[in-house]
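Structural overview for review
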Amino acid sequence: MMVNTVRFALVVVGVFGWSMMLPSATQVGLSDKVLVFPYETDFSFVSLIPQKEMGLRAFTLCMRVATELPEDRQIILFAYRTADYDELNVWRESDGRVSFYMSGDGIFFHLPHITTFRSSLCLTWDSRTGLSAFWVDGKRSTYQVYKPGHSIRPKGSILLGQDPDKHLGGLEAGQSFVGEMTDLNMWDFVLSRSMIQAWHYGHRVPKGNVFDWGTMEYELNGNVMVVDDD
């Protein structure tokens with residue numbers, strides 16, 4: 001009875017501006033908006049619909065993020081999974097490092113901590129060389145070589161806020177994202193240093209051809225808020 005009461009309360013809250021526990025209809029465009037994940041849950045996430053198939057041999061992924069979660073708390077920042085593989089997962093690990101995984105073991109970077117103040121975070125990877133790097137507030141990490149020759153498989157599901165341990169399932173509250181996320185964009189090529197720095201400072205850059213924050217299709221699930229970027 002207690003569980004049912006809690007779930008009923010969550011649904012009622014949804015009527016007053018929170019997304020309900022059932023998926024919302026597909027929505028389009030988040031210009032000048034921020035996604036707020038206010039609580040640790042195992043059911044709140046945002047599904048993204050890419051503009052093109054996610055069969056990738058290079059990419060640049062950028063977002064602006066902030067969180068109050070402690071530094072020893074693992075956080076999923078981006079999750080793309082096909083039926084059998086985590087094709088591209090980006091994490092803040094429990095030891096504070098930031099990592100990404102493509103179908104197996106990951107690669108780890110020592111970066112400035114993600115805090116309550118918004119950081120711009122980009123990740124670049126090129127299959128031809130395997131060169132990989134994170135960019136924080138326009139500054140590049142040391143390059144590392146990761147999975148040269150690899151290809152990311154298409155026809156999966158992309159989530160913000162949760163890590164599916166199986167295709168759209170197996171969500172864990174202890175790995176969920178809590179905080180704010182905005183301006184997520186993705187390109188199917190590696191942006192130049194000047195372009196990444198221009199994006200960081202809010203200047204005009206080519207629109208993401210995989211995800212463009214201003215025109216992106218998305219679905220809200222659980223307790224996720226869309227608010228003005230004041």
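Now for a description of the structure that goes with this document. No experiment lies behind these values; they were computed from the predicted model shown. (Residues numbered from 1 in each chain as written. Predicted model: local features only at pLDDT ≥ 70, side-chain atom pairs only at ≥ 80, totals over all residues. Heavy atoms only, no water.)

**A short note on the sheet that holds strand β8 (residues 106–109)**
Within the open sheet, the eight strands sit side by side as β1-β15-β3-β13-β5-β6-β7-β8. Their pairing is antiparallel. Every interior strand has two partners, whereas the edge strands, β1 (27–28) and β8, have only one. Relative to strand β15 (residues 217–221), β1 runs antiparallel, the two sharing two bridges. The residue bridging Val28 from the neighbouring strand is Glu217, located in β15. (Pairing = 2+ DSSP bridges. Helix = DSSP H or I, 4+ residues; strand = E, 2+ residues; numbered from the N terminus.)

**What about empty space enclosed by the protein?**
Tallying each qualifying case throughout the model produces two cavities of 30 Å³ or more. In this structure, the largest cavity occupies an estimated 40 Å³ of space. Lining the largest cavity, in full, are Leu111, Pro112, His113, Ile114, Ser119, Leu121 and Val136. Class assignment for the residues of the lining of the largest cavity results in five nonpolar, two polar and no charged. Its volume calculated, the second largest cavity comes out at about 30 Å³. Residue lining of the second largest cavity: Leu61, Met63, Val90, Leu121, Cys122, Leu123 and Phe134, and that is the complete set. (1 Å grid on protein atoms, 1.4 Å probe; cavity = no way out; pocket = protein on both sides within 12 Å on 5 of 7 lines; lining within 4 Å. Points joined across faces, edges and corners; volume = space filled by probe spheres on them. Nonpolar A, V, L, I, M, F, W, Y, C, P; charged D, E, K, R; others polar.)

**A short note on the environment of Val205**
If you trace the backbone, Val205 turns up in the loop between α2 (193–200) and β15. Linking Val205 and Ser194, residues 11 residues apart in sequence, is a C-alpha distance of 9.8 Å. Excluding anything up to four places from it in sequence, Val205 contacts Trp187, Met195, Ala198 and Trp199. (Contact = heavy atoms within 4.5 Å.)

**Some details on the packing of aromatic side chains**
Two measures describe an aromatic ring pair: the distance that separates the ring centres and the angle between the ring planes. Enumeration over the complete set of coordinates arrives at seven aromatic pairs. Measuring from centroid to centroid gives 5.4 Å for Phe37 and Phe177, while their planes differ by 85 degrees, and the two rings are edge-to-face. With Phe37 in strand β2 (residues 33–37) and Phe177 in the loop between β13 (157–160) and β14 (179–187), the pair connects residues that are 140 residues apart, well separated along the chain. The burial state of Phe37 is the same as that of Phe177; both residues are buried. Centroid distance Phe100 to Tyr146: 5.0 Å. Interplanar angle 80 degrees. Geometry classified as edge-to-face. Separated by 46 residues along the polypeptide, Phe100 in strand β7 (residues 98–101) and Tyr146 in the loop between β12 (144–145) and β13 bring together distant segments of the chain. On the accessibility criterion, Phe100 (0% relative accessible area) is buried. According to the relative accessible area criterion, Tyr146 is buried, its value standing at 6%. Every member of this aromatic cluster is reached through a ring pair, and the members are Phe59, Phe100, Phe109, Trp125, Phe134 and Tyr146. Against the face of Trp199 rests Arg64, its NZ or CZ located 3.9 Å from the ring centre. (Phe/Tyr/Trp six-rings, centres within 6.5 Å; stacked < 30°, edge-to-face > 60°. Buried < 20%, exposed > 50% of the residue type's maximum accessible area, 1.4 Å probe, protein only. Lys NZ or Arg CZ within 6 Å of the ring centre and 35° of its normal.)

**Some words on unusual backbone geometry**
One non-glycine residue, Asp32, lies in the positive phi region at around 60 degrees. One can find Asp32 in the loop between β1 and β2. A relative accessible area of 65% places Asp32 in the exposed class. If you check the backbone angles, Lys155 has positive phi at about 65 degrees while not being a glycine. With respect to the secondary-structure elements, Lys155 resides in the loop between β12 and β13. Assessed through its relative accessible area of 65%, Lys155 is described here as exposed.

**Structural notes on the state of the cysteines**
All told, the structure shown has one disulfide when counted by the stated rule. Across a sulfur-sulfur distance of 2.0 Å, Cys62 and Cys122 are joined as a disulfide pair. Disulfide Cys62-Cys122: torsion about the S-S bond near 110 degrees, hence right-handed. With Cys62 in strand β4 (residues 58–66) and Cys122 in strand β9 (residues 119–126), the pair connects residues that are 60 residues apart, well separated along the chain. The same class applies to Cys62 and to Cys122, which are both buried. (Disulfide = S-S within 2.5 Å.)

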